[in-house]
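For reference, the chains in residue letters:
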Amino acid sequence: DTAVSQTPKYLVTQMGNDKSIKCEQNLGHDTMYWYKQDSKKFLKIMFSYNNKELIINETVPNRFSPKSPDKAHLNLHINSLELGDSAVYFCASSFRGGSPLHFGNGTRLTVT
Amino acid sequence: GIQVEQSPPDLILQEGANSTLRCNFSDSVNNLQWFHQNPWGQLINLFYIPSGTKQNGRLSATTVATERYSLLYISSSQTTDSGVYFCAVDPNTDKLIFGTGTRLQVFP
């Protein structure tokens, strides 16, 4: 299946821990993104990478560090997790310059 | 920054009814997309429509870029159409800015 896949689907952890979310796309896209959806369903872009190069960093705390080993993968590492980090994190991909954006199924992060 | 407003915020329909969702944006854009988030949380791309009209089955969309709005039409609604519909625009910044969504509930 051609898709954007992210793991894990659910992540429950305690404050202060470090966690990672992985994302992979096999659509041949050159640009990948991380979006955060809060409890009110508002979707906001966090980062985007084009061919492994960071092109957008939306004033996200530096506890969040994206890494793109190649253009098909974009991972998100979060240090020192806080209660306010609880949200659903979506990975997405597209071609740069305007094309349909395809989302993964999301990772629901709960920090206790 | 650009403002993206969607209306109505909530919509309740009986199966078979038609509806129109609206997206207004405050600046010129080079990219506009509509998404459906189903009750399981999946985000599905419905239309990539920076201008003009497109149709896909019971859904169609029209964007009038010069007047800064887009419309999503749902005809003969079904319970599976329930969820949240998002409009997202790119004001030539390489990133999609999402509206606050329209929550649709379709009852049998």
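Structure: see above.
This part takes up the overall build of chain B. From N to C terminus, chain B includes zero helices and eleven strands. Starting at the N terminus and ending at the C terminus, chain B contains elements arranged as β-β-β-β-β-β-β-β-β-β-β. Compactness check: chain B gives a C-alpha radius of gyration of 13 Å against a globular reference of 13 Å for 108 residues, within 12% of the reference. Taking the principal axes of the C-alpha coordinates as reference, chain B spans close to 40 × 25 × 20 Å. Scored against the burial criterion, the 108 residues of chain B give a buried share of 49%. For chain B, restricting intrachain contacts to residue pairs at least 6 apart in sequence, the fraction spanning at least 24 positions comes to 55%. Only carbon and sulfur atoms are counted for the fraction: they give 47% of the accessible area of chain B, which is about 5100 Å². One way to put it: in chain B the 6 positive side-chain charges average out to a point 1 Å from where the 8 negative ones average out.

Moving on to the nonpolar core. Counting residues in hydrophobic clusters, the biggest one holds 22 residues, and the most contacted among them are Trp34, Phe47, Leu72 and Val89 of chain B. Breaking this core down by element, the ones donating at least two residues are β2 (10-14), β3 (19-25), β4 (31-37), β5 (43-48), β7 (59-64), β8 (69-74), β9 (83-90) and β11 (102-107) of chain B. In this view, Val89 of chain B contacts Ile2, Val4, Phe25, Val29, Asn31, Leu32, Lys95, Leu96 and Ile97 of chain B; residues no more than four positions away in its chain are not counted. Leu11, Ile21, Trp34 and Leu109 of chain A belong to the second largest nonpolar core, which has 20 residues in total.

So, on to the sheet that holds β7 of chain B. All names here are of chain B. On the basis of which strands lie adjacent, the open sheet formed by five strands has the order β1-β3-β8-β7-β6 and antiparallel pairing. A single partner strand is all that each edge strand has here, and the edge strands are β1 (4-7) and β6 (52-56). Across this sheet, the average inter-strand angle for adjacent strands is 15 degrees, counted without regard to direction. By the bridge criterion, six bridges tie β3 to β8 in an arrangement that is antiparallel.

Cut-offs applied
- Residues numbered from 1 in each chain as written.
- Chains lettered and ligands numbered in written order.
- Predicted model: local features only at pLDDT ≥ 70, side-chain atom pairs only at ≥ 80, totals over all residues.
- Heavy atoms only, no water.
- Helix = DSSP H or I, 4+ residues; strand = E, 2+ residues; numbered from the N terminus.
- Rg over C-alpha atoms; globule rule 2.2 N^0.38 Å.
- Buried < 20%, exposed > 50% of the residue type's maximum accessible area, 1.4 Å probe, protein only.
- Contact = heavy atoms within 4.5 Å.
- Areas by Shrake-Rupley, 256 points an atom, 1.4 Å probe, with all protein chains shown as cover.
- Lys, Arg positive; Asp, Glu negative; His and termini not counted.
- Charge placed at Lys NZ, Arg CZ, Asp CG, Glu CD.
- Core = buried A, V, L, I, M, F, W, Y, C linked by side-chain atoms within 4.5 Å.
- Pairing = 2+ DSSP bridges.
- Axes fitted to C-alpha atoms, helices over the stretch in contact; angles between N-to-C directions.

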